[in-house]
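The primary structure of each chain is shown beneath.
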Amino acid sequence: MGIFSPGFTGRRREPRSDLPPGQYLENGFPVLSFGPTPHVDADRWQLTLTTETGERRTWDWQGMLDLGPELVENTDIHCVTAWSKLGTTWRGVPLDRFLDGLQTEARFVMAGSADGYTTNLPLQEILGRAWVAYEFDGAPLAPEHGGPVRLLVPHLYFWKSAKWLTSLRLMVDDAPGFWEQNGYNMHGDPWREERYW
Amino acid sequence: MSSSWVPATLVDAWRETPGSRTLVLDARLEPALAGQHLDIRLTADDGYTAQRSYSLGSPAGAERFQVTVDRLDQGEVSPYLVDGLQVGHQIEVRGPVGRWFVWEPTQTEPIQLLAGGSGIVPLMSMIRTRELAGGTAPMRLLYSVRAPGDRFYTDELDDLAARGRIDLQYVFTREVPEGWPARAGRITGALLHELTLPPEDGPTIYVCGPTGFVEAATKPLMQFGHEASRIKTERFGPTG
Ligand SMILES: Cc1cc2nc3c(=O)[nH]c(=O)nc-3n(C[C@H](O)[C@H](O)[C@H](O)COP(=O)(O)OP(=O)(O)OC[C@H]3O[C@@H](n4cnc5c(N)ncnc54)[C@H](O)[C@@H]3O)c2cc1C
């Protein structure tokens, strides 16, 4: 058992089964990014997917909408800086739809952003649990939260949900993205507290 | 870096301002780089825990780890660290964390630092690290605070500025010192243009503070022509 802090009572007394270990409940929506917020125009936004053999697919805004967005409701998100936000609502296109009919041996995907950010994710694990999201709480996604389009992978720490998403690169072998090269975990499961190396 | 919690003993502490306190911690952690942070964990007697991140203000490699915590009156963790924790008592820490928002003495390019409020802490670590290394690359600090009495490390910074070791610029957002030539107000593009190193100097820029400050500072800097890849940011929290 850890070390007690005499006189510290804390605010939230009842244990919550919906908060992963070490997380606290946040009602605002803090921002974490490694650099300035890039301003990406939805009209000029494109998403490019590249397979391990070099095959490419590209979508623009309308092309993304044509894949069939859905409402993602009552979703909990967990940031590695220890805040969690419960019951959030998003609109986005399931990641699976971007991969429909594709021949690939890839087991990982590197998501890339307009500002050069990258993050690696296990492909099979996130299929059915990841979206390309463009609305938060019924409104267009704000730039500081990754608008116009970000990845949404709620079951992993939120740095895996790349903001300003512009590319998906399928990979046979895993490779570290930006934070993963800078001290953070390759996988990032909040329930197992996979925060750091 | 270690991903497990270790005990840390508070060996010394002092007020930095009426609402903030510097804590000196003794903990068996790996040496830090300038700009890194620790996670601090508190445990109530019923086992309830709360953790938050705090940047290190001590120089890279320092034997003792130093943080400066600003009290948020409604906050869960910061009031305890500022007013509750006693010298000799222990908390738990983890880290040091982060490999991106760091400055290393091997960097020779000019450095522009921009701090909003407690965002000065990791930048102070960079300044102190450069002092210890006898670094000569130009370093300029723009430090935005509400009022003169809210400044951290005032004597140390003023002394470094007086000796020409850093170029120091204050911006006061609510209240200015007597006789101050400018009015109180938040940073603007015009002010940043006047007070920060221009893109021609090729600086690496470190911006740290509340999210609103970081956003307000980085947008104009990019418009002046600084490359986004040369602007490193650390966002402390949602408000400003
Ligand atoms: C990498 C990193 C480094 C940090 N370094 C420092 C540091 O050197 N010194 C320091 O004092 N703090 C630092 N912080 C902020 C610190 O982690 C806590 O968020 C802060 O002390 C508030 O915690 P709390 O438990 O007292 O308040 P909480 O109970 O978490 O929050 C109380 C209320 O204030 C809001 N809030 C949370 N954080 C902030 C904030 N920073 N500013 C304004 N409102 C906020 C919350 O949304 C909430 O509504 C750092 C944060 C990060 C992510």
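Preceding block: the structure.
Residues numbered from 1 in each chain as written. Chains lettered and ligands numbered in written order. Predicted model: local features only at pLDDT ≥ 70, side-chain atom pairs only at ≥ 80, totals over all residues. Heavy atoms only, no water.

J.: What should I look at first to understand unusual backbone geometry in this one?
T.: Residue Pro148 of chain A follows Gly147 of chain A across a cis peptide bond; omega there is 15°. Its location among the elements puts Pro148 of chain A in the loop between β9 (139–140) and β10 (150–152). Of note, the bond from Gly95 of chain B into Pro96 of chain B is cis; its omega dihedral lies within 30 degrees of zero at -5°. You can see Pro96 of chain B is positioned in strand β6 (residues 90–97). Unlike most non-glycine residues, Glu193 of chain A shows phi in positive territory, near 50°. Of note, Glu193 of chain A is situated in the segment after α4 (178–181). In this model, Tyr153 of chain B sits at a positive phi of 55°, which is unusual for a non-glycine residue. By the secondary structure assignment, Tyr153 of chain B is in the loop between β8 (139–145) and α3 (154–162). (Helix = DSSP H or I, 4+ residues; strand = E, 2+ residues; numbered from the N terminus.)

J.: What's the story with the pattern of salt bridges in this structure? I'm lost.
T.: One pass over the structure, following the stated rule, counts 22 salt bridges over all chains. Between Glu194 of chain A and Arg192 of chain A there is a salt bridge, with the nearest N and O atoms lying 3.0 Å from each other. The exposure class assigned to Glu194 of chain A is buried, which follows from its relative accessible area of 12%. Arg192 of chain A sits in the exposed class, given a relative accessible area of 59%. In this structure, Arg94 of chain B engages Glu193 of chain A in a salt bridge whose closest nitrogen and oxygen atoms are separated by 3.8 Å. In this pair, Arg94 of chain B is assigned in strand β6 and Glu193 of chain A in the segment after α4, connecting two distinct chains. Note on Arg94 of chain B: relative accessible area 3%, which makes it buried. The network of salt bridges with shared partners includes Glu193 and Arg195 of chain A together with Asp39 and Arg94 of chain B. (Salt bridge = Lys/Arg side-chain N within 4 Å of Asp/Glu carboxyl O. Buried < 20%, exposed > 50% of the residue type's maximum accessible area, 1.4 Å probe, protein only.)

J.: Looking at this model, I keep getting lost on the side chain of Thr218 of chain B. Mind explaining?
T.: By the element assignment, Thr218 of chain B lies in helix α5 (residues 211–224). If we skip the residues at most four places from it in the chain, Thr218 of chain B touches Pro36 of chain A together with Val207, Ile231 and Thr233 of chain B. (Contact = heavy atoms within 4.5 Å.)

J.: Whenever I open this one, empty space enclosed by the protein confuses me. Can you help?
T.: Here the idea is plain: a probe the size of a water molecule rolls over the atoms and shows the empty space left. All names here are of chain A. Throughout the structure, instances matching the rule amount to 1 cavity of 30 Å³ or more. Reported here for the largest cavity is a volume of approximately 210 Å³. Around the largest cavity sit 20 residues that line it, and Leu32, Arg150, Phe158, Trp159 and Lys163 are the ones nearest its centre. Across the lining of the largest cavity, the residue classes break down as 13 nonpolar, 4 polar and 3 charged. (1 Å grid on protein atoms, 1.4 Å probe; cavity = no way out; pocket = protein on both sides within 12 Å on 5 of 7 lines; lining within 4 Å. Points joined across faces, edges and corners; volume = space filled by probe spheres on them. Nonpolar A, V, L, I, M, F, W, Y, C, P; charged D, E, K, R; others polar.)

J.: Hey, could you run me through the nonpolar core in this one?
T.: Where a protein is soluble and globular, its nonpolar side chains tend to be buried together. Val132, Leu151 and Leu165 of chain A are the most contacted members of the largest nonpolar core, which totals 38 residues. Contributing elements (two or more residues each) for this core: β2 (46–50), α2 (96–99), β6 (108–113), α3 (123–126), β8 (131–136), β11 (165–171) and α4 of chain A. Per-element tally for this core: the top contributor is β11 of chain A, with 3 residues. In this structure, Leu165 of chain A is in contact with Trp45, Leu47, Ala111, Gly112, Ser113, Val132, Val149, Arg150 and Leu151 of chain A, ignoring residues within four places of it in sequence. Counting residues in hydrophobic clusters, the runner-up holds 27 residues, among them Leu25, Leu29, Leu56 and Tyr80 of chain B. (Core = buried A, V, L, I, M, F, W, Y, C linked by side-chain atoms within 4.5 Å.)

J.: Looking at this structure, how should I read the pairing of β2 of chain A?
T.: On a regular strand, each side chain points to the face opposite its neighbour's, so the side chains alternate between the two faces of the sheet. Residue and element names in this part refer to chain A. In terms of burial, β2 is a largely internal element, 4 of the 5 residues being buried. Bridge count for β2 against strand β3 (residues 56–60) is 5 bridges, and the pairing is antiparallel. Along β3, the bridge assignment pairs Thr48 with Thr58. Between the end of β2 and the start of β3, which pair antiparallel, lie 5 residues, with Gly54 showing a positive phi angle near 100°. Pairing geometry for β2 and β11, over 3 bridges, is parallel. (Pairing = 2+ DSSP bridges.)

J.: Could you clarify how one ought to interpret the sheet that holds β6 of chain A in this entry?
T.: Across a sheet, paired strands are connected by hydrogen bonds in the backbone, their directions being either parallel or antiparallel. Residues and elements named next belong to chain A. One open sheet holds the 5 strands; their spatial order is β3-β2-β11-β6-β7, and the pairing between them is mixed. Two strands lie at the open edges of the sheet, namely β3 and β7 (118–122), each paired on one side alone. Along the sheet, successive strands turn relative to each other by an average axial angle of 15°, direction set aside. (Axes fitted to C-alpha atoms, helices over the stretch in contact; angles between N-to-C directions.)

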